[in-house]
Structure formats: structure tokens, C-alpha cells
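Chain residues, written in single-letter form:
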Amino acid sequence: MNKVILMGRLTRDPEVRYSAGDNSMAIARYTLAVDRRFRRDGENTADFIGCVAFGRSAEFAEKYFRQGLKIVVTGRIQTGSYTNRDGQKVYTTDVVVEDQEFAESKAASSENAMARQSAPSPAAPSMPSPSQASVGDGFMNIPDGIDEELPFN
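Since this is a predicted model, take the numbers as computed values, not measurements.

Some thoughts on the layout of surface pockets
Using a probe with the size of a water molecule, rolled over the atoms, empty space left in the structure can be pinpointed. Reported here for the second largest pocket is a volume of approximately 440 Å³. For the second largest pocket, the full set of lining residues is Met 7, Gly 8, Arg 9, Ala 33, Val 34, Asp 35, Arg 36, Arg 37, Arg 39, Asn 44, Thr 45 and Lys 70. Going through the elements one at a time, strand 1 (4–10) and strand 3 (26–35) are the ones with two or more residues in the lining of the second largest pocket. Grouping the amino acids of the lining of the second largest pocket by side-chain chemistry returns three nonpolar, three polar and six charged.

Re the side chain of Asp 94
In this fold, Asp 94 is placed in strand 6 (residues 89–102). The exposure class of Asp 94 is buried, given its relative accessible area of 18%. Among the polar contacts made by the side chain of Asp 94, one reaches the side chain of Arg 29 at a distance of 3.5 Å.

Thoughts on the pairing of strand 1
Here strand 1 runs beside strand 5 (residues 70–83); their pairing, made up of six bridges, is antiparallel. Its bridge partner lying in strand 5, Arg 9 is registered against Lys 70. Pairing analysis gives two bridges linking strand 1 to strand 3, with the strands arranged antiparallel. Within strand 3, the residue paired with Arg 9 across the bridge is Ala 33.

Some remarks on the pairing of strand 6
Summarising the sheet, strand 4 (residues 46–54) and strand 6 pair through two bridges and their orientation is parallel. When the sheet's bridge partners are listed, Val 52 is paired in strand 6 with Val 96. With 13 bridges joining them, strand 5 and strand 6 adopt antiparallel strand pairing. Paired with Gln 78 across the two strands is Asp 94, which belongs to strand 6. Hairpin remark: strand 5 followed by strand 6, antiparallel, with five residues in the connecting loop; positive phi at Gly 87, about 85 degrees.

Cut-offs applied
Residues numbered from 1 in each chain as written. Predicted model: local features only at pLDDT ≥ 70, side-chain atom pairs only at ≥ 80, totals over all residues. Heavy atoms only, no water. 1 Å grid on protein atoms, 1.4 Å probe; cavity = no way out; pocket = protein on both sides within 12 Å on 5 of 7 lines; lining within 4 Å. Points joined across faces, edges and corners; volume = space filled by probe spheres on them. Helix = DSSP H or I, 4+ residues; strand = E, 2+ residues; numbered from the N terminus. Nonpolar A, V, L, I, M, F, W, Y, C, P; charged D, E, K, R; others polar. Buried < 20%, exposed > 50% of the residue type's maximum accessible area, 1.4 Å probe, protein only. Polar contact = N/O pair within 3.5 Å; in protein donor to acceptor, adjacent residues only side chain to side chain. Pairing = 2+ DSSP bridges.

This is the structure:
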């Protein structure tokens, strides 16, 4: 089975082209920066994975996807090769998109975009980041004594 699920941020706006002919079809290419689970020497590392979407998925990407947006992609890996102008054989690996979705709300996306563009001012109140508000395993802390309030106790 050839199935891929990725979550990452777009490294730039999708590049969209249309095929030639009577039934032209949109073809969108974009690259996802996907964080690696484990860090080397305490530094974040990422893999940059090329994705290609066709038809309505490509038109959707053209209309709504922008650099820095966090998305989830499902699809399949496709390999290929071609000979470049210098006569050298070049091998390619892409994810052919079957489904693509937003992985964060529009508000969170805007917040993240602003945070990347400018550093927060010291006078501005700050909300705790998800990493500060949760345990290191990615789960939210549950307050003590909440068991009595749950209906399925």
C-alpha cells in the first residue's frame, strides 16, 4: 500500500500552472516543511517534501494556501526521472495529493504569521504557547478534582 499523511507548513505560495489542450487542468506544486519528531543536538529539524495536486485540489490550493500556512496532506508517493539540459538523469520523488486540509484555524494562522514577521514587544501581554500549556508529551493538563464533574464516571 502506498499511503502518506503529512502535516507541515508551506514554504512558499503554491506554484499553479494549467495544462494545455481543450480540457485544461490546474496543477499545483508546493513544498511542505515537516518537522522531525526527534531533534539532533537540541535543534529543530525538518524535511522539505514536494507535493503536487491536480484539478480541483490544485485550484483550492491556488485560492487558499499561502506561505507559512499549516496543512495536512494525504496522498501517495510517486517517483520518476528525467534527463536535464546537461544530459544528466535527475530522479524525483513527490507526494501526489489525494486530500488536503487546513491544520489550524484562520485566526491561529494569522497569529503565527504575525509572530514570524515581528518579535513580540515586552509590554504586550502574552498568552502561554501550547508547549507551555501542555505536558511535554503533547497532552493537555487536566485539573485535579474534575473526575466528580464527568458524566461517565
